[in-house]
Amino acid sequence: MGLLATFNITENLTLGRFIWSVLALIITPFIYRIVYSLYFDPLARFPGPWYTSSFSSFIALISVRKQEPEFIHSLVKKYGSTLPIRISPTTLFFPRPSALKDIYWTPSLNHKTKLYGTGALGPPHLFSTIEAESHKQLRRALSNAPWTIGQLKKKWESRFDTLVTLFIHKMNEHAAADRTICISDKVAQFAADVMSMISFGEPFGCVANQRDEKRILENWRQGLPFFGFIARCRFFRDQVMNVGFLASWFLPTFDQAYGMGWLMGEADRQVTERERQNAEKEFEGMPDFMQQYVHFFFYHYCLDARYQDNTTLTPLQKRAHVTLLIQAGADTTATALGSILRFIASNPSSLHLAHAEIEKADQAGLLSTPIQYEETRQHLPYMVACIREGLRLNPPAPNLFGRVVPEGGKVIDGVFVPGGTEVTTHAFTTQRDVGLYGEDAEEFKPERWLKSEEVMLEYEASQFTFGMGPRVCLGKDIAIMEMYKLLPEIIRRFDIEIEAKGSYIVSGGVAYNEGFLGKFHARKTG
Ligand code: HEM
């Protein structure tokens, strides 16, 4: 009171003036931000709505509302695809496939944006390594595991077979009981088992027990809106998540009984136990990402990954990478399996052609039980086209995979972009480009992949489903192997009666399928 009286403020300060003053204090920075973003910022000349150009929170909220792909696609329809669109104060979105190579293959653009550095995926690993050179060194160190298709066929395919056989057996049980099942969940459980088998040697048991063990998938999906929000909202990411106790309040912890926290704890237990066993005697268990024993030779993968100077990963890095494989490879491949199956099953002509192709190959004795990767590749071209078309339309990881433009700027897709700008694109949009795929770009038409070798190669070079360049998906061949084996086997064994098509949902830049319900009916096979 004394201070107010000194300045004689109370005499003039009515309640109305007080409220206006407070409002002005709150609104002025917003107005300043909008005016600066739209007229003075180096990115002001690029098209985009005033609200996304001025506030990063807008795209963050769109992501939380699970509308990001549709929103971005609507911006492209409104602003066209010739110029990049400003989707946040610092981010330009490039809609055309022709931008992909410029962004993801240019070495000087290999520095990731802070979208990756939220900590929401646990301790730092390959995927969340932002700086280009550190990423290169780490990726080289981890390259000793069997990531490529040749290695996978030799070392892993027989183990995939065991899981495919179990999956078909379980679906036969559902078919015999005339049970309605959530087909998208069933294939998701298969993908989670594959990834746990690769990470820990043994599957979680989702297929055997017909449930989401340790609620891994459910918990992962529940975390996606938050993951998407903090990655996009600059204030939350840079200010709130930098406060130690707040960050730990939001993020999973090792001691949780289920979900991502349990997974982190399990990675810790498994790595610790394996290192203890190795110190006592040679490993005799099933091969996994941690290590493998083949014909008198030990292959230590993650456990003995080495940098060029021969140092190994830190204990935390080893655990983080075992966790990463499940985070990166379970629900992504699950989405691919669910979406492709739904596309085929709900398009009578595609289903008919896929059945006919498999039956013909079967009758010619070209297919084993279960189908081998190489058999699908060589003898089931229509099935392969369905897989490619499904991935094109429903990419499982449609995130804003941003890169930072280096000092001095860069020309991207014919447009000069100033240094420091975050640039990105989006598989959902580039893979619906009318310029490349034609007016029917949004329709499921596997035939488009079979027009000619030249067209197929042109489309293939424009796919962003698995990323591209030095940071391309490390597990791409694992995911492809799962699709080439499980999907034709399901089509071969069952007729699918759809009860609800469900939907492809994108949350926090990651997609999953919800509510694809139906019945499997066993088919007579030769
Ligand atoms: C259909 C399934 C999958 C899709 C759509 C997918 C998609 C992607 C994409 C788009 C990226 C690159 C992101 C970027 O540019 O930052 C990526 C990276 C990665 N993926 Fe996958 N992925 C799939 C399956 C898998 C599987 C099965 C694994 C595990 C073996 C895996 C492990 C990884 C890893 C470790 C990275 C980080 C690579 C790096 O930064 O060097 N992914 N994935």
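Here the residue numbering is sequential within each chain, running from 1 through the sequence in written order. Local features in a predicted model are, by the rule used here, given only for residues with pLDDT of at least 70; side-chain atom pairs are given and counted only at 80 or more, and totals for whole chains, interfaces and linings are based on all residues. Computation of side-chain values: all heavy atoms of the structure, hydrogens and water removed.

(A) Here's a closer look at the UniProt feature "binding site: heme" (unreviewed entry) in the protein. The feature "binding site: heme" (unreviewed entry), as annotated in UniProt, sits at Cys473 in this numbering. Look past the residues within four positions of cysteine 473 in its chain and what remains in contact with it is Arg139 and Phe466. UniProt positions are given in the numbering used here, feature names are shortened, and annotations may be inferred rather than shown by experiment. Working rule for contacts: check all heavy atoms of both residues, and any pair within 4.5 Å makes them a contact.

(B) Up close: empty space enclosed by the protein. A cavity here means a set of 1 Å grid points, computed over protein atoms only, where a 1.4 Å probe fits but cannot escape. A pocket is an open set with protein on both sides within 12 Å along at least 5 of 7 lines, and lining residues have an atom within 4 Å of a point. Grid points are joined across faces, edges and corners, and a volume is the space filled by probe spheres set on the points. Taken as a whole, this structure holds 6 cavities of 30 Å³ or more when the rule is applied. Within this model, the largest cavity holds a volume of roughly 850 Å³. Taken together, 45 residues make up the lining of the largest cavity; nearest its centre are Phe127, Ala328, Thr332, Cys473 and Leu474. A run of DSSP states H or I qualifies as a helix once it reaches four residues; a run of E qualifies as a strand once it reaches two. Both are numbered from the N-terminal end. Here the lining of the largest cavity takes 9 residues from helix α16 (residues 315-345), the largest share from any one element.

(C) Quick look at the site of the ligand. Near the ligand, the surroundings consist of 28 residues, among which Tyr116, His135, Arg139, Arg403 and Cys473 are the closest. Think of a polar contact as two N or O atoms within 3.5 Å of one another; within protein, one of them needs to be a possible hydrogen donor and the other a possible acceptor, and neighboring residues in sequence only count if both atoms come from side chains. The side chain of histidine 135 places a nitrogen or oxygen atom 2.6 Å from an oxygen atom of the ligand. Arginine 403 is positioned with one of its side-chain polar atoms (N or O) 2.9 Å from an oxygen atom of the ligand. A molecule is said to occupy a pocket when more than half its atoms come within 2 Å of that pocket's grid points, and by this definition the ligand occupies the largest cavity. If you list the elements that add at least two residues to the shell around the ligand, you get α7 (132-142), α16 and α23 (476-493). Top contributing element to the shell around the ligand by residue count: α16, with 5 residues. Proximity criterion: a residue is near a molecule or strand once any of its heavy atoms comes within 4 Å of it. What decides whether a molecule sits in a cavity or pocket is whether more than half of its atoms lie within 2 Å of the grid points.

(D) Expanded view of the environment of leucine 25. For leucine 25, the position within the fold is in helix α2 (residues 15-40). We classify leucine 25 as exposed; its relative accessible area is 67%. Taking the C-alpha atoms as reference points, leucine 25 and isoleucine 181, separated by 156 residues in sequence, lie 56 Å from one another. Categorising residues by exposure relies on relative accessible area from a 1.4 Å probe, with only protein chains included: less than 20% of the type maximum marks a residue as buried, more than 50% marks it as exposed, and the intermediate range marks it as partly exposed.

(E) Examining the sheet that holds strand β13 (residues 517-522) more closely. Two strands form a pair only when DSSP identifies at least two bridges running between them. The sheet built from 3 strands is open, its strands ordered β3-β13-β10 with antiparallel pairing. A strand with exactly one partner marks an edge of an open sheet, and here the two such strands are β3 (181-182) and β10 (494-500). The pairing of β3 with β13 spans 2 bridges and is antiparallel. Across the sheet, residue cysteine 182 finds its bridge partner in β13, namely leucine 517.

(F) Structural context of the confidence of the model for the protein. What pLDDT reports is the predictor's confidence in each residue, on a scale of 0 through 100. In the predicted model, the protein carries a mean pLDDT of 91, and 94% of its residues have values of at least 70. Residue range residues 1-7 is modelled with pLDDT below 50. Its contacts to residues more than four positions away, or to other chains, number 2 contacts. Scoring the predicted complex yields pTM 0.93 and, for the interface, ipTM 0.99.

(G) Focus on the pattern of salt bridges. For salt bridges, the criterion is a side-chain nitrogen of Lys or Arg within 4 Å of an Asp or Glu carboxyl oxygen. Throughout the structure, instances matching the rule amount to 32 salt bridges. Between arginine 221 and aspartate 331 there is a salt bridge whose closest N-O contact spans 2.9 Å. Pair noted here: arginine 221 is in helix α12 (residues 216-232) and aspartate 331 is in helix α16, with a separation of 110 residues, a long-range link. Under the relative-accessibility criterion, aspartate 331 is labelled buried at 1%.

(H) The layout of surface pockets, seen in detail. Roughly 410 Å³ of internal volume is contained in the largest pocket. The wall of the largest pocket is formed by 23 residues, among which Glu460, Gln463, Phe466, Lys476 and Ile480 lie closest to the centre. Those elements that provide at least two residues to the lining of the largest pocket are α18 (373-379), α19 (381-393), α22 (453-461) and α23. For this scheme, ten residues count as nonpolar: Ala, Val, Leu, Ile, Met, Phe, Trp, Tyr, Cys and Pro. Four count as charged, namely Asp, Glu, Lys and Arg, and the remainder, Gly too, count as polar. Looking at the lining of the largest pocket residue by residue, the classes come out as 14 nonpolar, 4 polar and 5 charged. Approximately 300 Å³ is the volume found for the second largest pocket. For the second largest pocket, the lining is made up of 16 residues, of which Ala120, Asn219, Gly223, Pro252 and Met260 are closest to its centre. Considering each element in turn, the lining of the second largest pocket owes the most residues, 7 residues, to α12.

(I) Focus on the domain arrangement of the protein. Start and end positions for the domains come from either an automated domain assignment or a database one. Structurally, the protein comprises domain 1 (1-37) and domain 2 (41-522). Taking the mean C-alpha position of each, domain 1 and domain 2 sit 51 Å from one another. Taken together, the contact pairs 5 residues of domain 1 with 9 residues of domain 2. Each of two parts loses accessible area, computed with a 1.4 Å probe, when they are put together; buried area is these two losses added. Carbon and sulfur atoms make up 56% of the area that domain 1 and domain 2 hide from each other, which totals about 600 Å². When the area that domain 1 buries against domain 2 is broken down by residue, the three leading residues are Arg33, Ile34 and Ser37, summing to 73%.

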